[in-house]
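# Results of the structural survey
What follows is each chain in one-letter form.
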Amino acid sequence: MDTKDQAFQQCINPQCRSEFDSRQVLFKCPQCGDLLDVRYNWEAIEVPKKLSDFANRWTTRSNRLDFSGVWRFRELISFCADEHKVSVGEGQTLLQPACGLAQDLGMNPRSLFLQYEGMNPSGSFKDNGMTAAFSHASMVGASASACASTGNTSASMALYAHSSNIKATVFIGEGKIAYGKLSQAMDYGGHTIQVAGDFDDCMRQVQDVCTELKIYLVNSLNPFRLEGQKTIMLRIIEGLGWEVPDWIIVPGGNLGNSSSFGKAFAELKALGLIDRVPRLAVINATGANTLTELVNDKGLRWNNGDVDQQVIDAYYANLDATHYRADTIASAIEISRPVNLKKCLRALDVCDGVVLDVTDEEILDAKAQIGAYGLGCEPASAATIAGLKHLLAEGTIDKDARTACVLTGHLLKDPDATVNYHSKMGREFSNPPVQVENDLQKIIALMK
Ligand code: F0G
């Protein structure tokens, strides 16, 4: 299949709207510097008439593209020919009913679902995006890739780069990177560079390095990566028998996920494949709450694409002036300058979204509650349930509203956070090991 007439890149700025070929490697609009979207000429693509038609692919899952939870929806992300598509079996993730947790939260037990993206090959949702980014990288003949990362992007990049024979360089900040993640990048053969700075510094550096050395950037600034992440929403809809939930809740870091979810729903609605769009809640950690402050305190909105840049510039100038550094136990979302801010504002507009922040204590308690029902996740993912508690309490989300929380990363990504919570912190949901002498009777006595 030749896809060259099916997709193109377009600047998100309505004053600019410049278009570029899908074979160009860009991560910002060369005309105005704004973010880029992948756009499709839908009339040139044979999109199934209804979403349930995608279910037919399950019967042909010995075909690796049909097996992939991303590429089985390939007509909705049609920017490259099949021969370039890279897959390591991503997206085999389930929408899990969370009856017990729902009851704990005072919800209707049939209303709450967890979309467990920790089940991906590298243990996080990033694989949904990386399969798409590396397929594009392979299509354009890239030989080297790079990213800045709080850990999961680097793990996923190193995995996919290896599979597509592309060199991978990771930029990490000093300090907080969970060892589960760092170990993956090293083991998968990624070249790791530790910059004396934080994630935001790394993000700035990697963009310049990639421009100067013509390296393929796989951070979520890359519009092709976000196309793969749209399929997380398709799988939620699939898990609900092809029905749209009332609410999607997602943690917010660099804001790639929320941006891609909004794009997915806007496209599905325009194509007539869904009849309504769910609402979206993006949850920040209090120690990294740029989005919350800009939206809730400064009133920043998408405003048909005419985003008030002065508000953003003044906010960032103040971060610089106060030498602000994001700080949260949820290291994956310890980001104060989210690169996809404007696209996220657009997603909030599409999905009538809300934004809020939750403390580290709330995140850790929610994480333990999720874990107690058997799935487990890393701290950033638990921001969803911590946020849901607020949204239920203030009446924004009704106890009967069908709500899907995206658990973005696996529990084993950050075992330190888990062990510290259970064994040292003595909090509400702590489950510490019980000490006992090496004596059979004493052990038996403990178990009665
Ligand atoms: N959850 C996890 C587990 C993550 O790793 C990330 C981002 C997010 C949530 C936030 O998602 O950026 O789409 O808003 N991790 C990036 C990384 C920054 O480098 O691994 P977002």
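Just above, that's the structure.
Read on for an overview of the structure. (Residues numbered from 1 in each chain as written. Predicted model: local features only at pLDDT ≥ 70, side-chain atom pairs only at ≥ 80, totals over all residues. Heavy atoms only, no water.)

In this section: the sheet that holds strand E3 (residues 36-40). In sheet architecture, strand pairing relies on hydrogen bonds along the backbone and comes in two forms, parallel and antiparallel. Spatially, E2-E1-E3 is the arrangement adopted by the three strands of the open sheet, whose pairing is antiparallel. The open sheet has two edge strands, strand E2 (19-21) and E3, and neither has a second partner. When strand polarity is set aside, the average angle formed by the axes of neighbouring strands in this sheet is 35 degrees. Pairing of strand E1 (residues 7-11) with E3, which is carried by five bridges, proceeds in the antiparallel orientation. Bridge pairing links Cys11 to Leu36 in E3. (Pairing = 2+ DSSP bridges. Helix = DSSP H or I, 4+ residues; strand = E, 2+ residues; numbered from the N terminus. Axes fitted to C-alpha atoms, helices over the stretch in contact; angles between N-to-C directions.)

The full count for this structure, using the stated rule, is five aromatic pairs. Taken together, a centroid distance of 6.3 Å and an interplanar angle of 65 degrees make the contact between Trp71 and Phe79 edge-to-face. The pair formed by Trp71 and Phe79 is uniform in burial state, with each residue classed as buried. Judged by centre distance (6.1 Å) and plane angle (65 degrees), the rings of Tyr315 and Tyr316 are edge-to-face. Of the two residues, Tyr315 and Tyr316, both sit in the buried class. Joined through ring pairs, the aromatic side chains of Trp71, Phe79 and Phe224 make up one cluster. When the ring centre of Tyr316 is taken as origin, the NZ or CZ atom of Arg337, which lies over that ring, is 4.7 Å away. (Phe/Tyr/Trp six-rings, centres within 6.5 Å; stacked < 30°, edge-to-face > 60°. Buried < 20%, exposed > 50% of the residue type's maximum accessible area, 1.4 Å probe, protein only. Lys NZ or Arg CZ within 6 Å of the ring centre and 35° of its normal.)

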